[in-house]
Amino acid sequence: MAFVIDGKEAAASVISAVTEASVSLEGKTGIKPGLAVVIVGEDPASHAYVNSKGKMAKQCGFNSIQHTLPEETTQEELQALVDTLNADLAVHGILVQLPLPKHFDSDAIIQSILPEKDVDGLNIANAGKIATGDLDTGLISCTPAGSMLLVKRVHGEDLSGLNAVVIGRSNLFGKPMGLLLLAANATVTMAHSRTKDLASVCRNADILVAAVGRAEMVKRDWVKPGATVIDVGINRVPAPEKGEGKTKLVGDVAFVEASEVAASITPVPGGVGPMTIAMLMANTVIAAHRACSLPVPKF
Ligand code: GUN
């Protein structure tokens, strides 16, 4: 039976270090880290995420600002808000919750966020820094940064000699995750929906990272005995065993069977999920330190 990697505990330890850094920054400069979160439309899941980001920002001692805009907001109106937040010295981090309603050009909005305030790490300047191996001067996308922190808790800083397979090639997760594993010296394969014989590619992985968005797709025989499995999926599925009409969250990995083969595995919920918010707070306190020209805390 695999060791279950406790994302809640790892996230709590990041949050406690972020809070300490935030209190110390305010003590030195009188400045609180400011995080602005923008949400457009009514999607309940997005509202739930945004609410927990706001709550956590307050818990860290930040100035937490939320802008809730109606579904019919225009591109120009949203752009004007981002421009205002870019210019606001009290705002150190800006996050525009994705997905935006269909009528938006999301990429134009995301790319217009100043790189130094892009706490999602989605600006091409930040993505390019990771791609060129500069992990120190930009902002790293939160879910890959949080997943790496869990990988490093198991394997240490240096992944030399280890094969890593990432399933999924999105800009938000798969690509930066592959690059972070590579920067830590792993031998990386980026697999995706067009990969031939995905199961056998995965079976070669000492570190297997699943971010496909398909409930329990990674089966027992996809997992190399002794592997570390990081499950980035969050899928809501019917759970008739809990009662009629009930649902539950599962990952992209069939947890019970995979944990009979893996050495370490993240659960869903309680694995990578809590790390994403923790790293968003970490990015915000880092951005605030840089804005004050102070040495940046490490997490
Ligand atoms: N929607 C789901 N995950 C994310 C994320 O990490 N950042 C943003 N901006 N939106 C999201």
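Counting of residues starts from 1 at the beginning of each chain's written sequence and follows it residue by residue. Given that this is a predicted model, residues contribute local features only at a pLDDT of at least 70 and side-chain atom pairs are listed and counted only at 80 or more, while totals for whole chains, interfaces and linings are drawn from all residues. The basis for every side-chain value is the complete set of heavy atoms in the structure, and neither hydrogens nor water enter the calculation.

By the naming in an unreviewed UniProt entry, the protein goes by Bifunctional protein FolD and is assigned to Rhizobium wenxiniae. The annotation that UniProt attaches to the protein under Subunit (unreviewed entry) is "Homodimer." UniProt positions are given in the numbering used here, feature names are shortened, and annotations may be inferred rather than shown by experiment. What UniProt records for the protein under Sequence similarities (unreviewed entry) is the sentence "Belongs to the tetrahydrofolate dehydrogenase/cyclohydrolase family."

K.L.:
Would you mind going over the site of the ligand with me for this structure?
P.N.:
Around the ligand, the structure places Leu95, Val96, Gln97, Leu98 and Asp120. Take Val96: an N or O atom from its main chain is 2.8 Å from a nitrogen atom of the ligand. Polar contacts, as counted here, are pairs of nitrogen or oxygen atoms within 3.5 Å of one another; within protein the pair requires one atom able to donate a hydrogen and one able to accept it, and residues that are adjacent in sequence qualify only if both atoms are side-chain atoms. Contacts to the ligand include Asp120, whose side-chain N or O atom sits 2.5 Å from a nitrogen atom. We get accessible surface area from the Shrake-Rupley algorithm with a probe of 1.4 Å; when it comes to residues, only the shown protein chains can shield them. For the ligand, whose accessible area on its own is 280 Å², the fraction buried by protein is 79%. Note on residue classes: Ala, Val, Leu, Ile, Met, Phe, Trp, Tyr, Cys and Pro are nonpolar, Asp, Glu, Lys and Arg are charged, and everything else, Gly too, is polar. Split into classes, the residues belonging to the shell around the ligand amount to 3 nonpolar, 1 polar and 1 charged. Summary of the distance rule: residues count as near a molecule or strand when at least one heavy atom falls within 4 Å of that molecule or strand.

K.L.:
Quick question: what am I supposed to make of the environment of Val223 here?
P.N.:
Strands here are runs of E lasting at least two residues and helices are runs of H or I lasting at least four, both read from the DSSP assignment and numbered beginning at the N terminus. One can find Val223 in the loop between strand E7 (207-210) and strand E8 (228-231). Look at Val223 and you get buried, because its relative accessible area is 3%. Leaving out residues up to four positions away in the same chain, Val223 has contacts with Arg203, Leu208, Val218, Val229, Ala258, Val261 and Ala262. The cut-offs for exposure are 20% and 50% of the maximum accessible area for each residue type, with area from a 1.4 Å probe on protein chains only; residues under the lower value are buried, those over the upper are exposed, and the others partly exposed. We call two residues contacting when some pair of their heavy atoms lies within 4.5 Å.

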